[in-house]
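Each chain, written out:
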Amino acid sequence: MGATAVGKTSMAIRLAQHFQTEIISADSRQFFRELNIGTAKPNSTELSQAKHHFINSHSIFESYNAGKFEQDAILLLNKLFAEKDLLIMVGGSGMYVDAVCKGMDEMPEIDLEIREKLNQELEEKGLDFLVQELQNLDPDYANQVEISN
């Protein structure tokens, strides 16, 4: 793991080649086919140098998150570990690496109507309105969360 552009991809490729294994990407933005700017995805040459998983594997129009990645990655890891003794996981998204290595807490299903309502309020009333709502409903969390995120 590490920041963008510190050489994770080239190191992972060298390791994968040395150990004749494959790479699992745990970067939360590189999954998405439509996100190509600012993601430092491996280029076609790099992708040809070692087999990568979870690069351009999903669309931003699909609901995909760390919990789903945990499930998908563990299924893939079980399959690959039947053939390989070692795999390389690389990425800049600590939550996604932790999801696979440490597991995720069980989360309730999200009511999509709530998400749609909040997105509509964001569009119509702005972020300041939602921040105020959060402060009214859960001041403790509002004081610790990164409001611009």
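The sections below set out a description of the structure shown in this document. (Residues numbered from 1 in each chain as written. Predicted model: local features only at pLDDT ≥ 70, side-chain atom pairs only at ≥ 80, totals over all residues. Heavy atoms only, no water.)

Some points on the overall build of the protein chain
- The helix and strand tally for the protein chain stands at seven helices and three strands.
- Going residue by residue from the N terminus, the α and β elements of the protein chain occur as α-β-α-β-α-β-α-α-α-α.
- Its C-alpha atoms put the protein chain at 55 × 30 × 25 Å along the principal axes.
- Looking at the 149 residues of the protein chain, the share that counts as buried comes to 32%.
- Across the protein chain, contacts joining residues at least 24 apart in sequence account for 68% of those joining residues at least 6 apart.
- Carbon and sulfur atoms make up 51% of the accessible area of the protein chain, which totals about 10,400 Å².
- Measuring between centres, the 13 positive side-chain charges of the protein chain sit 10 Å from its 24 negative side-chain charges. (Helix = DSSP H or I, 4+ residues; strand = E, 2+ residues; numbered from the N terminus. Buried < 20%, exposed > 50% of the residue type's maximum accessible area, 1.4 Å probe, protein only. Contact = heavy atoms within 4.5 Å. Areas by Shrake-Rupley, 256 points an atom, 1.4 Å probe, with all protein chains shown as cover. Lys, Arg positive; Asp, Glu negative; His and termini not counted. Charge placed at Lys NZ, Arg CZ, Asp CG, Glu CD.)

What to know about the pattern of salt bridges
- Inspection of the entire model under this criterion finds four salt bridges.
- Between K102 and D98 there is a salt bridge, with the nearest N and O atoms lying 3.8 Å from each other. Taken together, the residues K102 and D98, both in helix α4 (residues 94-102) and four residues apart, mark about one turn of the helix.
- When its relative accessible area of 33% is taken as the criterion, D98 is described as partly exposed.
- One salt bridge in this structure joins E121 and K117, with 3.1 Å as the shortest N-O distance. Taken together, the positions of E121 and K117, both in helix α5 (residues 112-125) and four residues apart, correspond to about one turn of that helix. (Salt bridge = Lys/Arg side-chain N within 4 Å of Asp/Glu carboxyl O.)

Topic: helix α3 (residues 66-81)
- Along its 16 residues, α3 runs 21 Å from first to last C-alpha, staying within 8% of the 22 Å computed at 1.5 Å per residue.
- Along α3, the positions that sit buried rather than exposed are A66, F69, E70, D72, A73, L76, L77 and L80.
- Looking at where α3 begins, the residue whose side-chain oxygen comes 3.1 Å from the main-chain nitrogen of G67 is N65. (Expected span 1.5 Å × (residues − 1). Polar contact = N/O pair within 3.5 Å; in protein donor to acceptor, adjacent residues only side chain to side chain.)

Considerations on the nonpolar core
- Judged by nonpolar contacts, the single largest core of 17 residues is most densely connected at I24, F31, F54, Y64, F69 and Y96.
- Contributing elements (two or more residues each) for this core: α3 and α4.
- A total of six residues in this core trace back to one element, the largest contributor, which is α3.
- If we skip the residues at most four places from it in the chain, F31 touches S25, F54, I55, N56, S57, H58, Y64, F69 and Y96.
- Ranked by size, the runner-up nonpolar core spans seven residues in total, among them A16, I23, I88 and V90. (Core = buried A, V, L, I, M, F, W, Y, C linked by side-chain atoms within 4.5 Å.)

Quick notes on a nonpolar patch on the surface
- A cluster of nonpolar side chains, contributed by M11, L15, F19 and L86, occupies part of the molecular surface with about 330 Å² of accessible area.
- Secondary-structure assignment places L15 in helix α1 (residues 8-19). (Patch = residues over 30% accessible without salt bridge, like charges linked within 9 Å, V, L, I, M, F, W, Y side chains within 5 Å.)

Points about the sheet that holds strand β3 (residues 88-90)
- Judged by pairing direction, the sheet is parallel, and its three strands sit side by side in the order β2-β1-β3 without closing on themselves. Edge positions in the open sheet fall to β2 (52-53) and β3, since each of these has one partner strand only.
- In the packing of α3 onto the sheet, the strands contacted are β1 (23-25) and β2, and the crossing angle to β1 comes to about 175°. (Pairing = 2+ DSSP bridges. Axes fitted to C-alpha atoms, helices over the stretch in contact; angles between N-to-C directions.)

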